[in-house]
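Each chain is listed here by its residues.
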Amino acid sequence: MAKRLDGRLLAARHEASLRASIAQHLATADDPPGLAVVRIGDDPASGVYVRNKAQACGRVGIESRIIHHPATASQQEVLESIHQLNGNPSCDGILVQLPIPPPLDARQLLLAVDPAKDVDGLHPLNLGRLVRGEPGLRSCTPAGIMALLAHGGIALDGMRALVIGRSILVGQPMAILLQQANATVTVAHSRTRDLAHHCRQAELLVVAAGKPGLVGADWVRPGVVVVDVGMHRVPPQRQGEQGTLRGDVCFEAVEPLASHVTPVPGGVGPMTVAMLLWNTVQAWRLRRGGVVGTDLAPLPR
Ligand code: NAP
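In the annotation of an unreviewed UniProt entry, the chain is listed under the name Bifunctional protein FolD and assigned to Candidatus Synechococcus spongiarum SP3. The UniProt entry for the chain carries the following comment under Subunit (unreviewed entry): "Homodimer." Database annotation for the chain, UniProt heading Pathway (unreviewed entry): "One-carbon metabolism; tetrahydrofolate interconversion."

Side chains Val-225 and Val-227 of strand β8 (residues 225–228) all project onto a buried face; the interleaved residues Val-226 and Asp-228 project onto the opposite face, where all are buried too. Note that strand β7 (residues 204–207) and β8 share 4 bridges and pair parallel. Pairing of Val-206 across the sheet is with Val-227, part of β8. By the bridge criterion, 2 bridges tie β8 to strand β11 (residues 260–261) in an arrangement that is parallel. Across the sheet, the residue bridging to Val-225 is His-260, located in β11.

Here the focus is the sheet that holds β7. Spatial strand order, β1-β11-β8-β7-β5-β6: 6 strands in an open sheet with parallel pairing. Of all strands in the sheet, those bounded by a partner on one side alone are β1 (3–4) and β6 (184–188).

Moving on, we come to the environment of Leu-127. Note that Leu-127 resides in helix α5 (residues 124–132). For Leu-127, a relative accessible area of 19% corresponds to the buried category. For the pair Leu-127 and Val-206, spaced 79 residues apart in the sequence, the C-alpha separation amounts to 20 Å. Not counting chain neighbours up to four residues away, the residues in contact with Leu-127 comprise Gly-121, Leu-122 and Ile-168.

The sites that UniProt annotates as "domain: Tetrahydrofolate dehydrogenase/cyclohydrolase NAD(P)-binding" (unreviewed entry) are residues 139–285. Its end C-alpha atoms 18 Å apart, residues 139–285 is made of 35% helix and 18% strand.

All right, on to the packing of helix α1 (residues 7–26) against helix α10 (residues 268–286) then. Between α1 and α10, the least distance of the axes is 9 Å, while the angle of their chain directions is 15°. On the basis of their axis angle, the class for α1 and α10 is roughly parallel. Along this stretch, α1 crosses α10, giving a crossing that reads as left-handed. Along its contact with α1, which presents Gly-7, Arg-8, Leu-10, Ala-11, His-14, Glu-15, Leu-18, Ser-21, Ile-22, His-25 and Leu-26, the element α10 presents Pro-270, Met-271, Ala-274, Leu-277, Trp-278, Val-281, Trp-284 and Arg-285. For the contact of α1 with α10, a count of residues per class yields 12 nonpolar, 4 polar and 3 charged.

Once that is clear, we can look at the side chain of Asp-248. Within the secondary structure, Asp-248 sits in the loop between β10 (244–246) and α9 (251–254). One buried charged residue, Asp-248, forms no salt bridge at all, with the nearest opposite charge on Arg-246 at 7.8 Å. A distance of 2.6 Å separates polar atoms of two side chains, one belonging to Asp-248 and the other to His-232.

Calculation criteria
Residues numbered from 1 in each chain as written. Predicted model: local features only at pLDDT ≥ 70, side-chain atom pairs only at ≥ 80, totals over all residues. Heavy atoms only, no water. UniProt positions renumbered as here; feature names shortened; annotations may be inferred. Buried < 20%, exposed > 50% of the residue type's maximum accessible area, 1.4 Å probe, protein only. Helix = DSSP H or I, 4+ residues; strand = E, 2+ residues; numbered from the N terminus. Pairing = 2+ DSSP bridges. Contact = heavy atoms within 4.5 Å. Axes fitted to C-alpha atoms, helices over the stretch in contact; angles between N-to-C directions. Parallel < 35°, antiparallel > 145°, perpendicular 65-115°, else oblique. Left-handed = near helix turned anticlockwise from the far one by under 90°. Nonpolar A, V, L, I, M, F, W, Y, C, P; charged D, E, K, R; others polar. Lys, Arg positive; Asp, Glu negative; His and termini not counted. Salt bridge = Lys/Arg side-chain N within 4 Å of Asp/Glu carboxyl O. Polar contact = N/O pair within 3.5 Å; in protein donor to acceptor, adjacent residues only side chain to side chain.

Structure representation (structure tokens):
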């Protein structure tokens, strides 16, 4: 039976460490770290994610604010609010909540964010730094996964890894971080032939396809490490029950075969939020003359 890579537990430890770090640096800083989330439209899932991020900020001592534009907002209106945040000294981090409703141009909005405040790590400058292995703000989900793998004691050096998905948000930066940790990385996507064959070769599987239950027991080799990035809302089955989340992996089928697996919920999701907090604190310190690192600070196991 696989060991669970527990994102909730690790995220809680990171929160404790960030809380202490903020309290310590507040002695010399004028203001606490500030995060602004730019939300456009009323996508309900985005509403939940934005609320979760704001609550996490509150737990560690980051001041958060949500700038909520209607779905009818123009590109210029959203750009103006980003420019204002760029110039606002009490704002250290800016996150543009994805997805952006059409016809707005997400690329242009992400490009408008000051790279020093780009806590989602999606500005081309920070993506370039990632490719070059230079210090910078890293995209939250892949960076959170790297922290989870490190915490699980997974030795990536020489490992055969398969990343399913090639988005700028998850798949691409994930593949780069794994390569930098000396894994041998294959990237699969919707045009990959015989995905099952590639999966069976892999010693580490990172599944970020956005397809519920894509990977089942017959696609994995015994002993594989499985990271499930997928997040799909399952509505409540009966009245009075709460809905839940499921991933891209058939958890119950894969858990008996794998050596390690991330649950959904409670795996990658909390680490994504933890990394957002970490990036915001890094940006805050950097703007006050500190140095930004490339990884989450090491924590006790
Ligand atoms: P995305 O932009 O839609 O990208 C999906 C990628 O998967 C694409 O590269 C696509 O290939 C590939 N793909 C789709 N169907 C496939 C299939 N049947 N076989 C192989 N590859 C396939 O999605 P994303 O933003 O990367 O997110 C992926 C999933 O992760 C979603 O469920 C999202 O909700 C979740 N997510 C979770 C977190 C978290 O914190 N837990 C954070 C971010 C995202 P093409 O390039 O060929 O189209």
